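# Per-entry structural report
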Amino acid sequence: TTTTTTTTTTTTTTTVVCVVVSGGVVGDAWLATRPAALVQVHYPSVHGAAAIVSTMFGENEYQGGRLAVTMYTNEIVNDVDFADMSMRSGVGRTYRYYRGNKILFPFGYGLSMTTFSTRCREQWQPRLQVVCNVTNNGTLPGDTVLFVFRSPSTAVAGGDGGGSGG
């Protein structure tokens, strides 16, 4: 008699997604290196849990998002005097003034399941308008958010500098 033995090896992979529900930014380098994905939800409201789950399991038609803040490493507390409310002092604060190197994820960082191309132009009628054409170049439906930043021009004679600051 001949006996045949078959051995089957099964390998399982577990994907870890870290969902951070917080009132503000949580800066920890562990978050940037350990989980396969990081979802920052801030204040998700009463329907937040259902929205998070349906997004994570691909049940939403449009998936993606962008950070509305800059996420810093926890070492930033050593570089910033939090008693000084100036945005420009020291290494600065926010996406606009920060000049340090302790950023985990920059303002506007995010994910989309598709790709977009954008063409924008400025026109004055009678104030500055930014007109953009956005094209979904990918195979999946999606949406995106445009971040438009412009510094006031000093070359505009007799005007208000091209728009209000901010």
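Described in the following lines is the structure provided in the data block. (Residues numbered from 1 in each chain as written. Predicted model: local features only at pLDDT ≥ 70, side-chain atom pairs only at ≥ 80, totals over all residues. Heavy atoms only, no water.)

### Comments concerning the pattern of salt bridges
- Inspection of every chain in the model, using the stated rule, returns one salt bridge.
- When the shortest N-O distance is used, the salt bridge between D79 and K102 registers 2.7 Å. On the criterion of sequence distance, the pair formed by D79 in the loop between β4 (71-72) and α3 (94-97) and K102 in the loop between α3 and β5 (103-105) is long-range, its members being 23 residues apart.
- Here K102 falls in the partly exposed class, since its relative accessible area comes to 22%. (Salt bridge = Lys/Arg side-chain N within 4 Å of Asp/Glu carboxyl O. Helix = DSSP H or I, 4+ residues; strand = E, 2+ residues; numbered from the N terminus. Buried < 20%, exposed > 50% of the residue type's maximum accessible area, 1.4 Å probe, protein only.)

### A short note on the pairing of strand β7 (residues 116-124)
- Relative to strand β8 (residues 128-136), β7 runs antiparallel, the two being bridged by nine bridges. Residue pairing in the sheet places C120 in a bridge with C132 of β8.
- Linking β7 to β8, which pair antiparallel, is a turn of three residues. (Pairing = 2+ DSSP bridges.)

### Section: helix α2 (residues 48-56)
- Residues G48, I52 and S54 constitute the buried set of α2.
- Lining the buried residues of α2 we find β1 (17-20).
- Immediately downstream of α2, the backbone of G58 shows phi near 75°, a positive value. (Contact = heavy atoms within 4.5 Å.)

### Description of a nonpolar patch on the surface
- Among the surface-exposed residues, V17, V19, V21, V53, M56 and F57 lie close enough to one another that they form a single nonpolar patch of about 520 Å² accessible area.
- Contributions of two or more residues to the nonpolar patch are made by β1 and α2.
- In this fold, V19 is placed in strand β1.
- On the basis of relative accessible area, V19 is assigned to the partly exposed category, the value being 33%. (Patch = residues over 30% accessible without salt bridge, like charges linked within 9 Å, V, L, I, M, F, W, Y side chains within 5 Å. Areas by Shrake-Rupley, 256 points an atom, 1.4 Å probe, with all protein chains shown as cover.)

### Section: the environment of A36
- With respect to the helices and strands, the residue A36 is situated in the loop between α1 (29-33) and β2 (37-40).
- When the C-alpha atoms of A36 and V17 are compared, they prove to be 5.7 Å apart, with 19 residues separating the residues in sequence.
- Discounting residues that sit within four places of it in the chain, A36 has contacts with T15 and V16.

### Let's talk about unusual backbone geometry
- Backbone geometry places H42, a non-glycine residue, at a positive phi of 50°.
- Counting through the fold element by element, H42 comes out in the loop between β2 and α2.

### Some remarks on the packing of aromatic side chains
- Evaluation of the coordinates by the stated rule reveals three aromatic pairs.
- Seen in terms of ring centroids, Y95 and F107 are 4.2 Å apart; in terms of plane orientation they differ by 20°. Their pairing is stacked. With a gap of 12 residues between them, Y95 in helix α3 and F107 in the loop between β5 and β6 (110-112) connect regions that are remote in the sequence.
- For F107, a relative accessible area of 22% translates into the label partly exposed.
- Plain terms: the ring middles of F105 and Y109 are 5.0 Å apart, the flat faces sit at 35° to each other, and that makes the pair tilted.
- The class of F105 is buried, set by a relative accessible area of 13%.
- For Y109, a relative accessible area of 45% gives the class partly exposed. (Phe/Tyr/Trp six-rings, centres within 6.5 Å; stacked < 30°, edge-to-face > 60°.)

The quantities given are spatial measurements derived from coordinates; they are silent on function.
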